[in-house]
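Take a look at the letters that make up each chain.
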Amino acid sequence: MEESMQAWARQVAERELSAALPRRWAHSHGVATRASGLGPVLAGHAGLLSAAAVLHDVGYAPRLAKTGFHPLDGARFLRDEHGADERLVRLVANHSFALLEAEERGLREALEREFPLLDEPLLVDALVYCDMTTTPDGEQTTAEERVAEIVGRYGADSLVGRFIRRASPEIFAAVGRVEAALVAQPR
């Protein structure tokens, strides 16, 4: 079942992003590649993480951008058009501390009401780790470099710049927790 979810997720993400937003597709593909290395720390949730990783930015697809807030648009698309797994949809909706950006956009209540944060901290942290250690081109990076790249791309005073600077301590903490879990794995 996990393999079929992963294959389906990759197909959906590729269909929505590869032609319209090739760089976003490269990032999503890179995030999924990062997720494939976290199986040992996630027990039975590696497939769910991989599916969420490849789909996390699907809401950027032009035909799906209804609110302009990609986590919410992507989650609604997955729920409404595909009847996707609830945990998958909630991961996409809340990836990388989206609640903080939703607050900046006046959409926090809608996001919380429709897609409550999963009570699975390591799984949530793992998606943050994968997203925030992958460049826009799909290459590995550090969380610090990724945050700096986002601020540089959007501008420090932009909505996204304010959000990412506000979220950065939580991002770095989540990445640190996943890195610690990886180090603690028997070799």
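Structure report, in brief. In this numbering scheme, every chain counts its residues from 1 along its sequence in written order. Given that the model is predicted, a residue must reach a pLDDT of at least 70 before its local features are reported, and side-chain atom pairs must reach 80 or more before they are shown or counted; all residues, however, enter totals for whole chains, interfaces and linings. Based on all heavy atoms of the structure, the side-chain values leave hydrogens and waters out of the count.

1. A few points about unusual backbone geometry
Formally: Only DSSP runs of H or I covering at least 4 residues are called helices, and only runs of E covering at least 2 are called strands; the numbering of each starts at the N terminus.
Even without glycine at this site, Ala43 takes up a positive phi of about 50°. Tracing the sequence through the fold places Ala43 in the loop between helix 3 (39–42) and helix 4 (46–55). Positive phi values are uncommon outside glycine, yet Phe97 reaches one of about 60°. Inspection of the secondary structure puts Phe97 in the loop between helix 6 (86–93) and helix 7 (98–105).

2. Examining the nonpolar core
Our working rule: What is meant by a nonpolar core is a set of buried Ala, Val, Leu, Ile, Met, Phe, Trp, Tyr and Cys residues, joined one to another through side-chain atoms within 4.5 Å. Think of it in three bands: residues with accessible area under 20% of the maximum for their type are buried, residues over 50% are exposed, and the middle band is partly exposed, with areas taken using a 1.4 Å probe on protein chains only. The contact criterion used throughout is that any non-hydrogen atoms of two residues lie within 4.5 Å.
Residues Leu38, Leu49, Leu55, Leu78, Leu88, Leu111 and Ile171 are the most contacted members of the largest nonpolar core, which totals 63 residues. Sorting elements by how many residues they give to this core places helix 11 (residues 159–183) first, with nine residues. Residue contacts for Leu78: discarding those within four places in its chain leaves Trp8, Val12, Leu55, Val58, Gly83, Ala84, Val89 and Val92.

3. Overview of the layout of surface pockets
Note the cut-off: With a 1 Å grid spanning the protein atoms alone, the term cavity applies to any set of points in which a 1.4 Å probe fits but cannot get out, the term pocket to an open set with protein on both sides within 12 Å along at least five of seven lines, and the term lining residue to any residue with an atom within 4 Å of a point. Grid points are joined across faces, edges and corners, and a volume is the space filled by probe spheres set on the points. In this classification, Asp, Glu, Lys and Arg are treated as charged, Ala, Val, Leu, Ile, Met, Phe, Trp, Tyr, Cys and Pro as nonpolar, and every other residue, Gly included, as polar.
Its boundaries defined by the atoms lining it, the largest pocket holds a volume of some 250 Å³. Contributing to the lining of the largest pocket are 22 residues, with Tyr60, His70, Glu101, Ile150 and Phe163 lying nearest its centre. Counting residues per element, the ones that place at least two in the lining of the largest pocket are helix 2 (22–36), helix 5 (70–82), helix 7, helix 9 (121–132), helix 10 (143–154) and helix 11. Among the elements that take part in the lining of the largest pocket, helix 10 stands out by supplying four residues, more than any other. Among the residues making up the lining of the largest pocket, the classes are represented as nine nonpolar, six polar and seven charged.

4. Describing empty space enclosed by the protein
Which parts of space are left empty comes out when a probe the size of a water molecule is rolled across the atoms. As enumerated under the stated definition, the model contains one cavity of 30 Å³ or more in all. Estimated volume of the largest cavity: approximately 50 Å³. In this structure, the largest cavity is lined by Arg90, Leu91, Asn94, His95, Ser96, Leu117, Leu118, Val124, Leu127 and Val128. Those elements that place two or more of their residues in the lining of the largest cavity are helix 6 and helix 9. Among the elements that take part in the lining of the largest cavity, helix 9 stands out by supplying three residues, more than any other. Considered class by class, the residues forming the lining of the largest cavity number six nonpolar, three polar and one charged.

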